[in-house]
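# Structural overview for review
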Amino acid sequence: MASTPEPEDGRELYALLHLSPDASDEEIRRAYRQYAQIYHPDKYQDPQMKEVATENFQRISDAYEILSDENKRQIYDIYGMEGLNSGLELGPKLTKPEEIKEQLERLRRRKEEEKLFAHARRNGSIIANFSVPQYLDGYGIMEGMGMSSEVELPVSKQNTVVVGGNLVVNGSEGTGAASTVLRHQLSSVSSIEFMATAGLRSVIGMQTSRQISPHSTATSGLAVSLRDGSINLSNAWTRQLSENAVGNIQLVLGNESSVSVGWQKKDEKGTATGEIKFGTNFVGATAHYVHRFSSKSQARVAGRVGSTALDFEIGGGRQISEFSTVRMMYNIGIQGVSWRFELHRAGQKLIIPVLLSTDLNALFVTSAFAIPSTLYFLLQTYVVKPYYLKREKQKTLEKMEGLSTQLTEARKAAKKAQILLEPVSNRKKNRQLENNGLVITKALYGNRKKIKESGEFNEIDDDVASQVFDVTIPLNFLVTEAGQLKLHEGIKKSGIMGFYDPCPGDPKLLLVEYTFHGRKYKVMVDDYEALLIPQDIHQF
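Everything numeric here is computed off the predicted structure, so don't read it as measured data. (Residues numbered from 1 in each chain as written. Predicted model: local features only at pLDDT ≥ 70, side-chain atom pairs only at ≥ 80, totals over all residues. Heavy atoms only, no water.)

This next bit is on the overall build of the protein chain. Across its full length, the protein chain holds 10 helices and 23 strands. Across the 540 residues in the protein chain, those meeting the buried criterion constitute 34%. Across the protein chain, contacts joining residues at least 24 apart in sequence account for 41% of those joining residues at least 6 apart. Summing over all exposed atoms, the protein chain offers an accessible surface of approximately 32400 Å²; the carbon and sulfur share of this is 55%. (Helix = DSSP H or I, 4+ residues; strand = E, 2+ residues; numbered from the N terminus. Buried < 20%, exposed > 50% of the residue type's maximum accessible area, 1.4 Å probe, protein only. Contact = heavy atoms within 4.5 Å. Areas by Shrake-Rupley, 256 points an atom, 1.4 Å probe, with all protein chains shown as cover.)

Structure representation (structure tokens):
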């Protein structure tokens, strides 16, 4: 069984009610009643105080509702608030932890499947071919057009159906096809596909794939033409050559028999691929390289040579939004000189090849490459790059301002919570003073480094103050009648009522200075570390 994920909220509900994760039902009720007496809105007449009380009373009521419900508490203990918010529910009462975890895993998987099935994956493309020579000869500028679409729909964890189709028009002629694929995952290392295509070339077939070693995969396929009964057999082997490189060999037997050897290497800076292919009536080789200048821009170089093709391509692309990328390619080959424009957005593609000339005139070939390249670099240098730098700077500032606002609001909420705790906290503190018991004189929670600095120099400057928070009041409130304070292990302290996290993502400490029987004590504990005071080892 998979290991149980730790809740990401640091058991905040336990911290809020100051409870151990092993707390009994009676301890939960007692903790709730203690805080309810402080935060019940009916106790306050002042509108501002009533608002603060209402907000915090709702927090402790929500925590009590979850922790007092056996099923909800079991889900929270294993998956945190994420499990509850995802709608997980337990059926019959289960007693063994293994049974509970197994049931929760099943429910979690079901929720994930429902979420998966709600979103089919769609891919499509539109290709519009333009021809300048054809237009200059007095014909239409559009040479042809093609469209294709595909929908991938998971029907279960193991089965996926893919339905697609395409239409192609060239001049006055056109063709189309529709296809369906059923993909079944046999195991974690093997799968099988059944395929059917109807159209000009009606075909049925199947393909199996299996991982035969940690670094190798084999694929075999069979396709039968319904038009002439011809059969095509294919076999492919892929192997991980190194951490960044993959090699493959493919053998096809049939009307278009061929054997090909390919290779791909990919790292952070770029991707290089190459293939050599030999057929019964052709031979060819291709190479392709993509260099990534950044996460948003890249350059591409590609070439093909063989008995049926000879061309060279160069260009680049840039991500213009979260889901959109534009590309422009320059191509020169035996068919002439052309540009290709591409727009990719969320699985959809618009591709516009433009044939500029069928003559390989040196001046025209050079101009067709130099003019758009120069324009691109000018735009990139003086328009696009400054714009993106300005936008990234703005985003960073907005993010920092947003985080600052969140921290400011959290600090205000914690201070308001302390205002309502303060009267009871002071009464407890005075009783301890009368009995020469436990009194918290100073308590700071926040950035580990800043806490240590404030403890060494016994002072708090502006820089330190922004990353630490005074929690003397809530800790005095938590001191028991017997003169003890206990914070439970494994519970993030920012969840305690009257606390907040002043430095998200940074390691935190809690510094506590206290007196007991006339002596002074001092202790520091990590965010999730247990604390029990008083103890003689804390004396200084």
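So that's the structure; there's more coming.
Below, the discussion takes up the packing of aromatic side chains. How two aromatic rings sit relative to each other is given by the distance of their centres and the angle of their planes. Going through the model one piece at a time under the given rule, you end up with 9 aromatic pairs. Seen from their ring centres, tyrosine 35 and tyrosine 39 are 6.5 Å apart, and the 15 degrees between their planes marks the pair as stacked. Highlighted residues: tyrosine 35 and tyrosine 39, both in helix α2 (residues 25-39), separated by 4 residues, approximately one helical turn. Pair check on accessibility: tyrosine 35 and tyrosine 39 agree, each one buried. Ring plane angle 45 degrees and centroid distance 5.5 Å describe the contact between tyrosine 35 and phenylalanine 477, whose orientation is recorded as tilted. With tyrosine 35 in helix α2 and phenylalanine 477 in helix α10 (residues 472-478), this pair connects stretches of sequence that are 442 residues apart. For tyrosine 35, a relative accessible area of 1% gives the class buried. With a relative accessible area of 2%, phenylalanine 477 lands in the buried category. By the ring-pair criterion, three or more aromatic residues cluster together here, those being Tyr35, Tyr39 and Phe477. The ring of phenylalanine 477 carries the charged tip of lysine 428 above its face, separated from the ring centre by 4.7 Å. (Phe/Tyr/Trp six-rings, centres within 6.5 Å; stacked < 30°, edge-to-face > 60°. Lys NZ or Arg CZ within 6 Å of the ring centre and 35° of its normal.)

As a further point, take α2. Helix length check: α2 (15 residues) gives 21 Å between terminal C-alpha atoms against 21 Å at 1.5 Å per residue, within 8%. Of all the positions in α2, only Ile28, Ala31, Tyr32, Tyr35, Ala36, Ile38 and Tyr39 are classed as buried. Viewed end-on, α2 has its buried residues packed into an arc of 155 degrees, placing them on one side of the element. (Expected span 1.5 Å × (residues − 1). Arc of directions from axis to C-beta.)

Bringing helix α3 (residues 47-67) into the picture now. Turn by turn, an α-helix covers 3.6 residues, leaving residues three or four places apart pointing in a common direction. An ideal rise of 1.5 Å per residue puts 30 Å on 21 residues; α3 measures up with 30 Å between its terminal C-alpha atoms. All of the buried residues along α3 are Val52, Ala53, Asn56, Phe57, Ile60, Ser61, Ala63, Ile66 and Leu67. For α3, the side-chain oxygen to backbone nitrogen distance between the N-cap and glutamine 48 is 3.0 Å, and the N-cap itself is aspartate 46. (Polar contact = N/O pair within 3.5 Å; in protein donor to acceptor, adjacent residues only side chain to side chain.)

Here the focus is the side chain of serine 357. Within the secondary structure layout, serine 357 lies in strand β17 (residues 348-357). A polar atom in the side chain of serine 357 sits 3.0 Å from the backbone nitrogen of aspartate 359. Not counting residues up to four positions away in its chain, the partners in contact with serine 357 are Pro133, Gln335, Gly336, Val337 and Phe364.

One pass over the structure, following the stated rule, counts 14 salt bridges. A salt bridge links arginine 340 to glutamate 313; the shortest N-O distance between them is 2.5 Å. Of this pair, arginine 340 sits in strand β16 (residues 336-345) while glutamate 313 sits in strand β14 (residues 310-319), and the two are 27 residues apart along the sequence. Arginine 340 gets classed as partly exposed once you look at its relative accessible area, which sits at 21%. Judged by its relative accessible area of 12%, glutamate 313 falls in the buried class. The closest approach of N and O atoms between arginine 448 and aspartate 526, which form a salt bridge, is 3.2 Å. Here aspartate 526 lies in strand β22 (residues 519-526) and arginine 448 lies in helix α8 (residues 448-457), a separation of 78 residues in the sequence. On the basis of relative accessible area, arginine 448 is assigned to the partly exposed category, the value being 30%. What makes aspartate 526 partly exposed here is its relative accessible area of 30%. A cluster of three or more residues bridged by salt bridges with shared partners is formed by Glu26, Arg29, Arg30 and Arg33. (Salt bridge = Lys/Arg side-chain N within 4 Å of Asp/Glu carboxyl O.)

Judged by nonpolar contacts, the single largest core of 56 residues is most densely connected at Tyr39, Ile440, Leu475 and Leu510. Once you skip the residues sitting within four places of it in the chain, tyrosine 39 turns out to touch Ala53, Thr54, Asn56, Phe57, Ile60, Ala417, Leu420, Leu421 and Met497. Tyr330, Val337, Leu356 and Val365 belong to the second-largest nonpolar core, a separate cluster that totals 6 residues. (Core = buried A, V, L, I, M, F, W, Y, C linked by side-chain atoms within 4.5 Å.)

Our next topic: the pairing of strand β4 (residues 173-185). Pairing geometry for strand β3 (residues 159-170) and β4, over 12 bridges, is antiparallel. The partner of valine 169 across the bridge, within β4, is glycine 174. Bridge count between β4 and strand β5 (residues 190-199): 9 bridges; the pairing is antiparallel. Of the residues in β5, the one forming a bridge with arginine 183 is glutamate 193. If you look at the hairpin formed by β4 and β5, you'll find 4 residues sitting between the two strands. (Pairing = 2+ DSSP bridges.)

Before going further, it helps to spend a moment on the sheet that holds β22. Strand order in this open sheet of 4 strands is β19-β18-β21-β22, and the pairing throughout is antiparallel. The sheet terminates laterally at β19 (468-470) and β22, the two strands that pair on one side only. Taking each pair of neighbouring strands and ignoring which way they run, the sheet shows an average axis angle of 15 degrees. Note that strand β18 (residues 439-447) and strand β21 (residues 508-516) share 8 bridges and pair antiparallel. Bridging from a neighbouring strand, lysine 442 pairs with glutamate 513 of β21. (Axes fitted to C-alpha atoms, helices over the stretch in contact; angles between N-to-C directions.)

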